[in-house]
Amino acid sequence: MTANGTATIDAPRAPLTSNGSAPSAAARAGGGEHPKLFQRVRDQMDRAAEAIGLAPEVRTILSSPACEIGVNFPVKMDDGRVEMFSGYRVQHNNVLGPFKGGIRYHPDVSLDEVRALAAWMTIKCALVDIPFGGGKGGVQVDPSTLSRRELERMTRRFVYALGANIGPGYDVPAPDVNTDARTMAWIVDTYAATLPPQERFRALGVVTGKPVSAGGSVGREKATGQGVVDLIEMWAADQRCKVADLSYTVQGFGKVGSWAARILKDKGAKLLAVQDATGAIKAYTSAGLDADVLAEHVKKTGGVAGFAGAQATSREAFFATQADVFIPAALENQVTDETARLLQVRLVAEGANGPTTTEGDAVLRERHIAVLPDVLCNAGGVIVSYFEWLQNRSGAAWNAAEVDQRLREILERAYARVKQMAADKSLDWRDAAYAVALRRIEQVYGERGIFP
Ligand code: NAD
């Protein structure tokens, strides 16, 4: 049992249907494993801890999540059958504040993956110095196989199954892969229904990334992409070049990838190639692809494949496209030993969480390709989530300029801290980012001590 009495789990139970028959397509789709992902985060923390002589007890605490919740829950399907789904919420560490992190719907969601994603949130929030800890959740499902009503019922039932394990001052989810503002609105509504009527006003703060009309913050939808672009701009300034002169490629054209590309378009950068789950496309000329038109196409068709303004290409050719910047904004483990050797870029700006494997990282180092690591580069989302949470608590509504400016200030401070740490300790930027975060966590444990 864990600290709050919830059973720790190792693996989901096999999904069963109501009549005990074979699992459905949705259930069968689940269960993919990333066996080494949480170990990769631990190794990464160890490397940074070693470099800065971190207090050993901090390393020990962070090497295991504080709490792991696994739930199997029934959902009524449109045809009257009942299917079982498996979901997780991992709460890694909350010494800096409430657990914070997205909820993902994907067939490959596994406990190991959610553990890693939760630990990355701990590091990210500490690095950018906002009062949140790290958490993450997910359901093993391919949402494209469900109707909108099934998706809504599944979301509501998952929230019901999580019960008091989430809450505004305790654990605050947000959108991630295949979840969005609409999903967050269903979560608020379901969570509110579990509270006594007099307390329902509290429900708004249970998640961030809500629709603006339902208590969300302006600027949250684009926040992660905005942060990616802000950081590319800071890197470009250090290289004495302008964003308008940069060309780039993007993997994943969902919330993060499409917003980064649309903002980069406004700044004059050229989008040369894109790859997502449906295929890869490249621009006909060096003028690049129109990110806004492509975003419309993706909205209509579900992916970049078949976009009239570009030609189809292979995954290998996509990775080998000559450009200044590559923005991975899809899933983990994309920049590997093999794909890192294909890249013809100066910078990898990690919009996704964990896109680069340990082997991929070694190749990037060897090839002197700079990296803006995920825990820094995609932190814009959780920073504006923090703004949303503050607005919900205070009843205030900030305007877009205020959100953008405060986001920029926090990212500039984090960028400067990582740069300083990298210079002081001769570390690469990933190690330096972890080192900054670990120092921040160490400081709090040093001040508070460890109970009893
Ligand atoms: P999304 O669901 O909006 O988009 C995911 C994209 O990845 C889609 O374009 C999809 O086609 C693509 N994709 C899926 N499988 C792929 C594959 N095998 N190869 C290539 N592309 C593939 O998700 P998102 O919110 O944009 O998240 C993308 C990444 O950014 C994730 O790693 C997520 O954890 C991270 N992230 C998201 C946020 C946020 O605010 N949404 C914040 C920080 C980090």
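Everything that follows concerns the structure shown earlier in this document.
Computed from a prediction, not measured in an experiment: that's the story for all the values here.

(A) Focus on unusual backbone geometry. Cis geometry marks the peptide bond from F451 to P452; its omega dihedral reads 5 degrees. Tracing the backbone shows P452 in the segment after helix 16 (429–448). The backbone of N333 shows a phi angle near 60 degrees, a positive value even though the residue is not glycine. If you trace the backbone, N333 turns up in the loop between strand 10 (325–328) and helix 11 (337–342). The partly exposed category is assigned to N333, whose relative accessible area is 26%. Phi at H368 is positive, roughly 55 degrees, even though this residue is not glycine.

(B) Just the nonpolar core, in detail. Residues I232, F253, I327 and L372 are the most contacted members of the largest nonpolar core, which totals 94 residues. Split by domain, the residues of this core number at least three in each of domain 1 (6–206) and domain 2 (223–377). In this view, I232 contacts L246, L264, V325, I327, L347, A349 and L372; residues no more than four positions away in its chain are not counted. Grouped together as the second largest cluster of nonpolar side chains are 28 residues, V139, V159, I187 and A192 included.

(C) Spatial organisation of the site of the ligand. In the vicinity of the ligand there are 22 residues, among which D176, N178, T224, F253 and K255 approach most closely. Side-chain polar atom of T224 to an oxygen atom of the ligand: 2.8 Å apart, as the coordinates give it. With respect to the ligand, the backbone of A277 contributes an N or O atom lying 3.1 Å from an oxygen atom. In isolation the ligand offers 830 Å² of accessible surface; the protein chains occlude 86% of this area. Here the residues of the shell around the ligand sort into eight nonpolar, nine polar and five charged.

(D) Structural view of the sheet that holds strand 1 (residues 67–76). Taken together, the five strands give an open sheet; going across it, the order is 1-2-4-3-5, and neighbouring strands pair in mixed fashion. Strand pairing shows two members of the sheet lacking a second neighbour, strand 1 and strand 5 (171–175), which therefore form its edges. When the angles between neighbouring strand axes are averaged without regard to direction, this sheet yields 25 degrees. The pairing of strand 2 (residues 82–93) with strand 4 (residues 134–140) spans six bridges and is antiparallel. By the bridge assignment for strand 4, G87 is matched with V139.

(E) Quick look at the pairing of strand 4. The buried fraction of strand 4 amounts to seven of the seven residues, a majority that puts the element mostly inside the structure. Going residue by residue along strand 4, you find G134, K136, G138 and Q140 tucked away on one face and G135, G137 and V139 tucked away on the opposite face as well. Where strand 3 (residues 99–106) meets strand 4, four bridges bridge the pair, whose relative direction is parallel. Bridged to Y105 within strand 4 is V139. Handedness of the crossover joining strand 3 and strand 4 through helix 4 (residues 111–128) is recorded here as right-handed.

(F) Main features of empty space enclosed by the protein. Considering all chains together, one arrives at two cavities of 30 Å³ or more under this definition. For the largest cavity, the lining is made up of 16 residues, of which R40, Q44, T356, D361 and R430 are closest to its centre. Among the elements of the structure, helix 2 (37–52), helix 12 (358–366) and helix 16 are those that each provide at least two residues to the lining of the largest cavity. Take the lining of the largest cavity: its biggest share by element is five residues, from helix 2. In the lining of the largest cavity, the residues fall into four nonpolar, five polar and seven charged. When residues of the lining of the largest cavity are assigned to domains, at least three map to each of domain 1 (6–206) and domain 2 (223–377).

(G) Here's a closer look at the pattern of salt bridges. In this structure the tally under the stated criterion is 36 salt bridges. For D79, the salt bridge is made with R81, and the minimal N-O distance between the two is 3.0 Å. Assessed through its relative accessible area of 37%, R81 is described here as partly exposed. Ionic pairing is found between D171 and R89, a salt bridge with its closest N-O pair at 2.6 Å. Taken as a pair, D171 in strand 5 and R89 in strand 2 lie far apart in primary sequence, 82 residues in all. Accessibility classification places D171 together with R89 in one group, the buried group. Taken together, the shared-partner salt bridges in this structure form one network comprising R104, E113, K136, D176 and E332.

The rules we used
- Residues numbered from 1 in each chain as written.
- Predicted model: local features only at pLDDT ≥ 70, side-chain atom pairs only at ≥ 80, totals over all residues.
- Heavy atoms only, no water.
- Helix = DSSP H or I, 4+ residues; strand = E, 2+ residues; numbered from the N terminus.
- Buried < 20%, exposed > 50% of the residue type's maximum accessible area, 1.4 Å probe, protein only.
- Core = buried A, V, L, I, M, F, W, Y, C linked by side-chain atoms within 4.5 Å.
- Domains from an automatic or database assignment.
- Contact = heavy atoms within 4.5 Å.
- Near = heavy atom within 4 Å.
- Polar contact = N/O pair within 3.5 Å; in protein donor to acceptor, adjacent residues only side chain to side chain.
- Areas by Shrake-Rupley, 256 points an atom, 1.4 Å probe, with all protein chains shown as cover.
- Nonpolar A, V, L, I, M, F, W, Y, C, P; charged D, E, K, R; others polar.
- Pairing = 2+ DSSP bridges.
- Axes fitted to C-alpha atoms, helices over the stretch in contact; angles between N-to-C directions.
- Right-handed = clockwise from strand over helix to strand, strands pointing away.
- 1 Å grid on protein atoms, 1.4 Å probe; cavity = no way out; pocket = protein on both sides within 12 Å on 5 of 7 lines; lining within 4 Å.
- Points joined across faces, edges and corners; volume = space filled by probe spheres on them.
- Salt bridge = Lys/Arg side-chain N within 4 Å of Asp/Glu carboxyl O.

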